[in-house]
Each structure stands twice: as C-alpha cells, then as structure tokens.
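Understanding the architecture of this molecule
Residue strings, one per chain:
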Amino acid sequence: MREVYVLNGPNLNRLGTREPDIYGSMTFSQLADLIVETASALGLQADVRQTNDEAELIGWLHEAAGGKVPVILNPAAFTHYSYALRDACAMLTAPLIEVHLSNPLAREEFRHTSVVSGLATGTIAGFGSTSYVLALEALARQS
Ligand code: DQA
C-alpha cells in the first residue's frame, strides 16, 4: 500500500476541548482513526503523527523527503511564521497537501499568511475533519 504521512503541528493534540466552536468536538485520537480508516479505503496507508515541537515536525519532514513519501500537513500555528518548516517542505519531492480544520482566511489577519502554501501541491481548509478526508481523496486520485 502507498504510504502517506499525515503530520500535525502544535495544539492539535487538544482537539475536542480546544475552542470546539472553531475546531469541532472530535478528539485527535478520533481524527486519527478517521484518517487511517479513510486512507485504507482509498488504498493508502496513513502514518498519523502530532507534535508540539517544531524540531520534531521538521525531522519528520526530513524523513518524508528522504523516503519520497507524500505528506498531508496541518502545520497549525507554524503555518503562519515558521520559515524553518517552509524550508523543510521545500525538500519534499512527493505531493504535499496543506490542510486546516478551520478556514484561516476567514479568521484573524495573522492567519491570512501561510509560509507553506506556496510549496504545497494544494491546500484544503475550512471543512473540519473533512479537510483531511478531501486531502486523502486528492492524493489517491493523483496516483
Ligand atoms: C489550524 C489553523 C491555524 O491558524 C491554527 O493556529 C491551528 C489550527 C487549523 O487546522 O484550522 O492551530 O491549522
């Protein structure tokens, strides 16, 4: 089965209790189950990870670059300012899909900038957990 890394940045481990009016009531563990099940139905094997640590996230991107593994990435707040994350994304050769649960463009102005979008194959935002489902479908259709 084709592998895909589904990488998640800071504070996403708090899903379910974190600002549920914005991010919904699904916990990260429920989201991870949804991702793994959806991927499997599409013939993909999803390796779902979350970290609050920028260095760890960059390390995972290096791994993906080395293995030419496609990445679905929710960089969370790093989206808006981490040039180190952007530089790591620039090393990827397989598809990179940026996802967000909320629609950052409909929120505070500092969220309107994504340093990652310019390197992504595409961005899916604003559909809650369905953003990840749509990203998996997009990836499956690409292959
Ligand atoms: C987010 C949007 C970001 O602006 C925010 O910092 C997050 C989550 C989203 O999935 O909607 O942590 O990436």
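Scroll up to find the structure this text is about.
Calculation rules
Residues numbered from 1 in each chain as written. Predicted model: local features only at pLDDT ≥ 70, side-chain atom pairs only at ≥ 80, totals over all residues. Heavy atoms only, no water. Helix = DSSP H or I, 4+ residues; strand = E, 2+ residues; numbered from the N terminus. Rg over C-alpha atoms; globule rule 2.2 N^0.38 Å. Buried < 20%, exposed > 50% of the residue type's maximum accessible area, 1.4 Å probe, protein only. Contact = heavy atoms within 4.5 Å. Areas by Shrake-Rupley, 256 points an atom, 1.4 Å probe, with all protein chains shown as cover. Lys, Arg positive; Asp, Glu negative; His and termini not counted. Charge placed at Lys NZ, Arg CZ, Asp CG, Glu CD. Near = heavy atom within 4 Å. Polar contact = N/O pair within 3.5 Å; in protein donor to acceptor, adjacent residues only side chain to side chain. Pairing = 2+ DSSP bridges. Axes fitted to C-alpha atoms, helices over the stretch in contact; angles between N-to-C directions. Phe/Tyr/Trp six-rings, centres within 6.5 Å; stacked < 30°, edge-to-face > 60°. Lys NZ or Arg CZ within 6 Å of the ring centre and 35° of its normal.

Next up on the list: the overall build of the protein. When helices and strands are counted, the protein shows five helices and five strands. Secondary structure elements of the protein occur, N-terminal to C-terminal, as β-α-α-β-α-β-α-β-β-α. The C-alpha radius of gyration of the protein comes to 14 Å, within 12% of the 15 Å expected for a compact globule of 143 residues. Considered along the principal axes of its C-alpha atoms, the protein spans approximately 35 × 30 × 25 Å. Put simply, the protein has 143 residues, and 46% of those count as buried. Counting only contacts in the protein whose residues sit at least 6 apart along the sequence, the fraction spanning at least 24 positions is 75%. Surface accessibility of the protein: about 6800 Å² in total, with carbon and sulfur atoms responsible for 50%. Each charge class in the protein was averaged separately, 9 positive and 15 negative side chains, and the resulting centres sit 4 Å apart.

This next bit is on the site of the ligand. If you check the shell around the ligand, you find Arg18, Tyr23, Asn74, Ala76, Ala77, His80, His100, Leu101, Ser102 and Arg111 and nothing else. Within the contact set of the ligand, an oxygen atom lies 2.6 Å away from a side-chain nitrogen or oxygen of Ser102. The side chain of Arg111 places a nitrogen or oxygen atom 2.9 Å from an oxygen atom of the ligand. Its free accessible area being 320 Å², the ligand has 99% of it covered by the protein chains.

A separate point is the sheet that holds strand S5 (residues 122-125). Two pairing modes exist for strands in a sheet, parallel and antiparallel, and in both the strands are linked by backbone hydrogen bonds. Read across the open sheet, the five strands follow the order S2-S1-S3-S4-S5; overall the sheet is parallel. Edge strands, defined here as strands with exactly one partner in the open sheet, are strand S2 (44-50) and S5. Adjacent strand axes in the sheet meet at a mean angle of 20° when their direction is disregarded. Judged from the seven bridges that link them, strand S1 (residues 2-8) and S2 form a sheet pairing that is parallel. From the neighbouring strand, Arg2 faces S2, where its bridge partner is Leu44. In the packing of helix H3 (residues 54-67) onto the sheet, the strands contacted are S1, S2 and strand S3 (71-74), and the crossing angle to S1 comes to about 165°. Contacts from helix H5 (residues 130-142) reach S1, S2, S3, strand S4 (96-100) and S5, with the element oriented near 165° to S4.

What follows concerns the pairing of S1. Across the seven residues that make up S1, a large majority, five, are buried. The pairing of S1 with S3 spans four bridges and is classified as parallel. Paired with Asn8 across the two strands is Asn74, which belongs to S3.

Positionally, Gln50 belongs in strand S2. A distance of 3.4 Å separates the side chain of Gln50 from the side chain of Asn13, its partner in a polar contact. Within the local environment of Gln50, its side chain forms a polar contact with the side chain of Asn52, the two groups lying 3.0 Å apart. When residues no more than four places from it in sequence are discounted, the contact partners of Gln50 are Asn8, Gly9, Pro10, Asn11, Leu12, Asn13, Phe28 and Trp60.

What follows covers the packing of aromatic side chains. The final tally for this structure, using the stated rule, is one aromatic pair. Ring centres 6.1 Å apart and planes at 75° place the aromatic pair Phe78 and Tyr81 in the edge-to-face group. Residue Phe78 is classed as buried on the basis of its relative accessible area of 6%. Overall, the relative accessible area of 48% leaves Tyr81 in the partly exposed class. The ring of Tyr5 is capped by Arg49, whose NZ or CZ atom sits 4.6 Å from the centre of that ring.

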